[in-house]
Amino acid sequence: MTSPAPLPAGDRLLTGPDLLERLVAAGWLAAAEARVALTRLNPRDARHPLLQIADLGLPDAREPARKLQAETLSQWLAQLAELPYVRIDPLSIDVARVTTAVPYAYAARAKILPLRLTAGELVVATAQPWQRDWERDLAPALKQKIQRVVANPADIERYLVEFYALARSVRQAQSDRAQVGFGGVQNLEQLLEMGRNGRLTADDQHVVAIVDWLLSYAFESRASDIHFEPRRETANLRFRIDGVLHEVYQMPASVGAAVTSRLKILARMDVAEKRRPQDGRIKTRSPAGKEVELRASSLPTAFGEKLVLRIFDPEVLVKDFAALGFTPADRQRWETLIRQPTGILLVTGPTGSGKTTTLYSSLRQLATPEINVCTIEDPIELVEPAFNQMQVQPAIDLDFAAGLRALLRQDPDIIMVGEIRDLETAENAVQAALTGHLVLSTLHTNDAPSAITRLLDLGVAPYLIKATLLGVLAQRLVRKLCPHCRRPAAPDPAEWAEIAGPLPLPAQVHGPAGCLECRETGYLGRVGLYEILPLSPALKARIDRGGEISELRRQALRDGLVPLRQAGARAVAEGLTSIDEVLRNAPSADPDAA
């Protein structure tokens, strides 16, 4: 191939031959490969030439084992055009605002996508950096500066349709709500009146489209929870990703009410009942085709119903302990405990620390055709065919204690109790263990030794705790450093000593940086920290002598307990997480700490 022509000075669309020439000149593509690729390009293909080239699966001349992909080629194009490259993140874009700046018909014709609109500037993504006639049209019409950036043409095509479709659905839904008399300000009394008048319909196509978008983006964003929160004039949508809430979208309050109703219908909740909290569940599929379960919870607030959807991935049931973050030593200790034929095992930690995932994964490994696994939960988190699951029903006096008594007559081998909340439940769990069953349950305590004092505080006799309690697992979830952008750093000796105790100071740790893969947070995914406390004879003797928490902690440390913070320090030394994450999530290992 001859040397590439100069870069276009005026308005010009890039073509496949243009790009192949420049890829060869940049050393990204071998000349022989480019000649073959030129014959394979389809001149009738209307897609962006970068996408056509990416589909050919050409080897990267700099690293032949890798293929030239659309994302890599888009970044190269941005460098060639000397423009910033942006990976489009739908969660960081104010869709309602940017879609008002440029009409859809114009954006589609120019193949551009507005990304951010401020008082003086409009940021626009393009994959044709030398096609600029649209910029000369928009700048005087908007009376704003246009900042061009380059993005993956596949993303521009996708989000151009989805963003404008969402904005159109919201506008149309708002118009529909206005026609049936929805006011702008919604307080609880107004919402109840509307419900009685039958005005809260949620089956029109615009609301359905909004809900489909909401669920689709939550799955793609790895969200664990969706928060739909009514305010005076708006309804706010937030996703919890890796334990942190992110603002996603704001829609008019009237549209929010219809979306909430649609979600309640899907969760088989009572749409007309807005005075009481309700629970429900939705089973659906992600865009990738995987089955996903969502647990819905509604709560009446000053401006309407707040709805939270917790997303459960059934694949957590097939994860082994290593995938959950157990070290080989922790895994061996925990597997030894759960293989015991009788006794009580407790998993402790605050809400959202992964207790349910640990319990389900443990039970899934124990559930065989020869073993009868029964659970009583509030509510059932995941429906698992290998378990016999019962849900607490307070309305008919079926609480944990009553359910546990009923389960004992069902010939169980292993019983899982969602939570031990009171003395009656604790005594029934002890009775089940004494009569030859393995009982797993949860408590809300800061660390493993505190679980013993919690049982004593509930009123369980020390001799019963000694006779039945096999061990306690305390856990926390910390965000994992993004492997694509984590950066080395020198550890702060004082901070290291705060989490690591006697562990030696490493020469290097890692910290967050931020990149496109992790949405500039520096973290991608979460991993568990675990503190496993088997009950030793020495620890049982401490229970007899009053069970003071400081004495129990000291004895546990003497028995070889690895505190949560030290487990975190090991994860830091391995480059999995940061010191700040461990300090934020794991309690102090000081035996005298409250």
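Residues numbered from 1 in each chain as written. Predicted model: local features only at pLDDT ≥ 70, side-chain atom pairs only at ≥ 80, totals over all residues. Heavy atoms only, no water.

**Details of the overall build of the chain**
Reasoning step 1: In terms of regular secondary structure, the chain is built from 23 helices and 20 strands.
Reasoning step 2: Residues counted as buried form 51% of the 594 residues belonging to the chain.
Reasoning step 3: Summed over its atoms, the accessible surface of the chain is roughly 26,700 Å², and 50% of this surface lies on carbon and sulfur atoms.
Reasoning step 4: Between the centroid of the 70 positive side chains of the chain and the centroid of its 72 negative side chains there is a distance of 3 Å. (Helix = DSSP H or I, 4+ residues; strand = E, 2+ residues; numbered from the N terminus. Buried < 20%, exposed > 50% of the residue type's maximum accessible area, 1.4 Å probe, protein only. Areas by Shrake-Rupley, 256 points an atom, 1.4 Å probe, with all protein chains shown as cover. Lys, Arg positive; Asp, Glu negative; His and termini not counted. Charge placed at Lys NZ, Arg CZ, Asp CG, Glu CD.)

**Let's talk about the pairing of strand β5 (residues 145-150)**
Reasoning step 1: Strand direction decides the pairing type here: strand β4 (residues 121-126) and β5, joined by six bridges, are parallel. Each bridged residue has a counterpart across the sheet, and for A125 the counterpart in β5 is V149.
Reasoning step 2: Regarding topology, helix α7 (residues 133-142) serves as the crossover connection from β4 to the parallel β5, and that connection is right-handed. (Pairing = 2+ DSSP bridges. Right-handed = clockwise from strand over helix to strand, strands pointing away.)

**Quick word on the environment of P17**
Reasoning step 1: Locating P17 in the fold gives a position in helix α1 (residues 16-25).
Reasoning step 2: C-alpha of P17 to C-alpha of A37: the two residues are 20 residues apart in sequence and 9.1 Å apart in space.
Reasoning step 3: Setting aside anything within four residues of it in sequence, one finds P17 in contact with L38 and L41. (Contact = heavy atoms within 4.5 Å.)

**Examining the packing of helix α19 (residues 493-500) against helix α22 (residues 564-573)**
Reasoning step 1: The interhelical angle for the contact between α19 and α22, taken along N-to-C directions, is 130°, at an axis separation of 7 Å. Put simply, α19 runs oblique to α22. Across from W496, E498, I499 and A500 in α19, the residues of α22 making contact are R565, Q566, A569, V572 and A573.
Reasoning step 2: Residues of the contact of α19 with α22, tallied by class, amount to six nonpolar, one polar and two charged. (Axes fitted to C-alpha atoms, helices over the stretch in contact; angles between N-to-C directions. Parallel < 35°, antiparallel > 145°, perpendicular 65-115°, else oblique. Nonpolar A, V, L, I, M, F, W, Y, C, P; charged D, E, K, R; others polar.)

**As for the packing of aromatic side chains**
Reasoning step 1: In the structure shown here, the tally under the stated rule is nine aromatic pairs.
Reasoning step 2: With a centroid separation of 6.2 Å and 25° between ring planes, the pair formed by Y159 and Y217 is classed as stacked. Of this pair, Y159 sits in helix α8 (residues 153-179) while Y217 sits in helix α10 (residues 205-220); the two residues are 58 residues apart in sequence, bridging distant segments of the chain. Here Y159 and Y217 have matching classes, each one buried.
Reasoning step 3: Aromatic ring contacts, followed pair by pair, group Y159, F163, W213, Y217 and Y249 into a single cluster.
Reasoning step 4: Here the guanidinium or amino end of R62 rests over the ring plane of W28, the centre of that ring lying 3.6 Å away.
Reasoning step 5: Positioned above the aromatic ring of Y523, the side-chain terminus of R479 is 4.0 Å from the ring centre. (Phe/Tyr/Trp six-rings, centres within 6.5 Å; stacked < 30°, edge-to-face > 60°. Lys NZ or Arg CZ within 6 Å of the ring centre and 35° of its normal.)

**Comments concerning unusual backbone geometry**
Reasoning step 1: For the bond from D378 to P379, the omega torsion is -10°, close enough to zero to count as cis.
Reasoning step 2: Even without being a glycine, D397 presents a positive backbone phi close to 60°.
Reasoning step 3: Mapped onto the secondary structure, D397 falls in the loop between β14 (388-391) and α15 (400-407).

**A few points about the environment of A235**
Reasoning step 1: Note that A235 resides in strand β7 (residues 234-241).
Reasoning step 2: The spatial distance from the C-alpha of A235 to the C-alpha of F303 is 9.4 Å, given a sequence separation of 68 residues.

**A word on the state of the cysteines**
Reasoning step 1: Under the counting rule described, the total for this entry stands at zero disulfides.
Reasoning step 2: For C518, which is in no disulfide, the shortest distance to another cysteine sulfur is to C485 and amounts to 3.8 Å. (Disulfide = S-S within 2.5 Å.)

**Some thoughts on the sheet that holds strand β17 (residues 469-481)**
Reasoning step 1: The seven strands are arranged β14-β13-β15-β16-β12-β17-β20 in an open sheet whose pairing can be described as mixed. At either end of the open sheet lies a strand with only one pairing partner, and these are β14 and β20 (523-534). Mean inter-strand twist for the sheet, computed between neighbouring axes without regard to direction, equals 20°.
Reasoning step 2: Across the sheet, helix α14 (residues 355-366) touches β12 (343-348), β13 (373-377), β14, β15 (414-417), β16 (438-443), β17 and β20, and the angle it forms with β16 is around 170°.
Reasoning step 3: Across the sheet, α15 is in contact with β13, β14 and β15; its angle to β13 comes to roughly 165°.

**With respect to the pattern of salt bridges**
Reasoning step 1: By the definition in use, this model includes 33 salt bridges.
Reasoning step 2: Between R158 and E220 there is a salt bridge, and its shortest N-O distance comes to 2.7 Å. With R158 in helix α8 and E220 in helix α10, this pair connects stretches of sequence that are 62 residues apart.
Reasoning step 3: For R158, a relative accessible area of 28% gives the class partly exposed.
Reasoning step 4: Given the relative accessible area of 38%, E220 is considered partly exposed. (Salt bridge = Lys/Arg side-chain N within 4 Å of Asp/Glu carboxyl O.)

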